[in-house]
Amino acid sequence: VRAWIMILLWLLLRRLHRCWSRWQVWWWVLALMLLGSPWLLFNSGFWLSFSAVGLLAVAPLVLRRCNLLTLQLWLLYGMLPLQCLLFSGISLLALPVNLVAVPLFSLVLIPLGLVSGLLVPWAPAWAALGFRWADGGLNLFLHGLDVVTAAFSGWWTVSDDMQFVLLGLWLLPWLWWGPATRK
């Protein structure tokens, strides 16, 4: 829903010939979501998704190259404090799983499902085949995920004291390469 609202607001602004920055759109969608449902303040998924979108918006300004690996490392680094705060731990499997999941879902499974959905009225047999392939790909991915998580827990519980240490280490690059050093 959040992504749809963001896209719809951006499309509406384009249609009205308004030029808003990505941050203006981000803040307006954040405000609209909270106006619609103030209880979202207590939803970890809300903060995780908005933080991830914010990090992706900043990525071209910070990273020299934006490819799948650098973006996933950027998200892993950027989401670290929030992940520790919300879950008292760090997922060690996030990077390798996302390196497989992002291209699989964005380039194969979701487009296959969307095309299959569009084919339903005109070619139901082809649509059913596409849905079967998408379902099979999803089941294969989930089975692989089960195998990996059974072999390796992939979760590092972080104590409160260690969270402060990690936050300090997380802040070092910001302090080192911050705005004062960009003169």
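Our subject is the structure that appears above.
A short tour of the structure in this document, coming up. This structure is a prediction, so every number in the text was calculated from the model and none was measured. (Residues numbered from 1 in each chain as written. Predicted model: local features only at pLDDT ≥ 70, side-chain atom pairs only at ≥ 80, totals over all residues. Heavy atoms only, no water.)

**Observations concerning unusual backbone geometry**
You will see that His 17, though not glycine, has its phi angle at about 60°, which is positive. Phi is positive for Ser 88, close to 50°, though the residue is something other than glycine. With respect to the helices and strands, the residue Ser 88 is situated in the loop between helix H4 (68-87) and strand S1 (89-91). The partly exposed category is assigned to Ser 88, whose relative accessible area is 31%. (Helix = DSSP H or I, 4+ residues; strand = E, 2+ residues; numbered from the N terminus. Buried < 20%, exposed > 50% of the residue type's maximum accessible area, 1.4 Å probe, protein only.)

**A closer look at the side chain of Ser 116**
Its place among the elements puts Ser 116 in helix H5 (residues 94-119). Residue class for Ser 116 comes out buried when judged on its relative accessible area of 1%. Setting aside residues no more than four positions away along its own chain, Ser 116 makes contact with Ala 127, Gly 130 and Phe 131. (Contact = heavy atoms within 4.5 Å.)

**Examining the packing of aromatic side chains**
What the rule picks out here adds up to 10 aromatic pairs. Geometrically, the ring pair formed by Trp 26 and Trp 27 is edge-to-face, given 4.9 Å between the ring centres and 85° between the ring planes. Taking 6.3 Å as the distance between ring centres and 40° as the angle between the ring planes, the aromatic pair formed by Trp 74 and Tyr 77 counts as tilted. Of the two residues, Trp 74 and Tyr 77 are both situated in helix H4; the distance of 3 residues between them amounts to about one turn of the helix. Among the aromatic side chains, those forming a connected cluster through ring pairs are Trp 23, Trp 26, Trp 27, Phe 46, Trp 47 and Phe 50. (Phe/Tyr/Trp six-rings, centres within 6.5 Å; stacked < 30°, edge-to-face > 60°.)

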